[in-house]
Amino acid sequence: MAAKIFTGFITLLLVLEAIAASVSVPKYESIFTGFGAKLPFFTEVIVASTFWIWLLPLAALGIIYQRMPKGKSYVLPVLFIFVLGVLYVPAALYGLYLPVWELAEAQA
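Scoring rules and cut-offs
Residues numbered from 1 in each chain as written. Predicted model: local features only at pLDDT ≥ 70, side-chain atom pairs only at ≥ 80, totals over all residues. Heavy atoms only, no water. Core = buried A, V, L, I, M, F, W, Y, C linked by side-chain atoms within 4.5 Å. Buried < 20%, exposed > 50% of the residue type's maximum accessible area, 1.4 Å probe, protein only. Helix = DSSP H or I, 4+ residues; strand = E, 2+ residues; numbered from the N terminus. Contact = heavy atoms within 4.5 Å. Patch = residues over 30% accessible without salt bridge, like charges linked within 9 Å, V, L, I, M, F, W, Y side chains within 5 Å. Areas by Shrake-Rupley, 256 points an atom, 1.4 Å probe, with all protein chains shown as cover. Salt bridge = Lys/Arg side-chain N within 4 Å of Asp/Glu carboxyl O. Axes fitted to C-alpha atoms, helices over the stretch in contact; angles between N-to-C directions. Parallel < 35°, antiparallel > 145°, perpendicular 65-115°, else oblique. Left-handed = near helix turned anticlockwise from the far one by under 90°. Nonpolar A, V, L, I, M, F, W, Y, C, P; charged D, E, K, R; others polar.

Caption draft 1: Summary view of the nonpolar core. Leu-14, Ile-53, Val-78, Ile-81 and Tyr-88 are the most contacted members of the largest nonpolar core, which has 18 residues in total. Mapped onto this core, the elements with two or more residues apiece are helix H1 (2–35), helix H2 (41–52), helix H3 (55–67) and helix H4 (75–107). Leu-14 has contacts with Leu-56, Pro-57, Ala-60, Ile-81, Phe-82 and Gly-85, leaving out every residue within four places of it along the chain.

Caption draft 2: Spotlight on a nonpolar patch on the surface. Taken together, the side chains of Phe-6, Leu-76, Leu-79, Phe-80, Val-83, Leu-84 and Leu-87 make up a nonpolar region of the molecular surface, amounting to roughly 650 Å² of accessible area. The biggest single contributor to the nonpolar patch is H4, with six residues. Its location among the elements puts Leu-76 in helix H4. Take Leu-76: its relative accessible area is 63%, and that puts it in the exposed class.

Caption draft 3: Seen up close, the packing of H1 against H2. It is the contact of H1 with H2, at a shortest axis distance of 9 Å, that shows an interaxial angle of 140 degrees. On the basis of their axis angle, the class for H1 and H2 is oblique. The handedness of the crossing between H1 and H2 is left-handed. Where H1 approaches H2, its residues Ala-21, Ser-22, Val-25, Glu-29 and Phe-32 are matched on the opposing element by Thr-43, Ile-46, Val-47 and Thr-50. Considered class by class, the residues forming the contact of H1 with H2 number five nonpolar, three polar and one charged.

This is the structure:
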């Protein structure tokens, strides 16, 4: 029972992360394009990944759905997907603030 609650909570966190990325990243993109500057490659990757971040909770749900009826362990694969989601957060923050830092360096 604890494994079901744990993986359900992890999947919920991945869904919330995907929602936050889908809402906030396009706003940053519009701000950066308003500057008229070309975005760095890493920032373009982060902006493009807002759609793909939805694959993490879908993959977690797919693993749970596939393994639960067979009695196989599904906690570790879902935990691995959660770690990927956790690693996405600092990468996204770095990618979104990279143009700001480059503009600040250009002004200095």
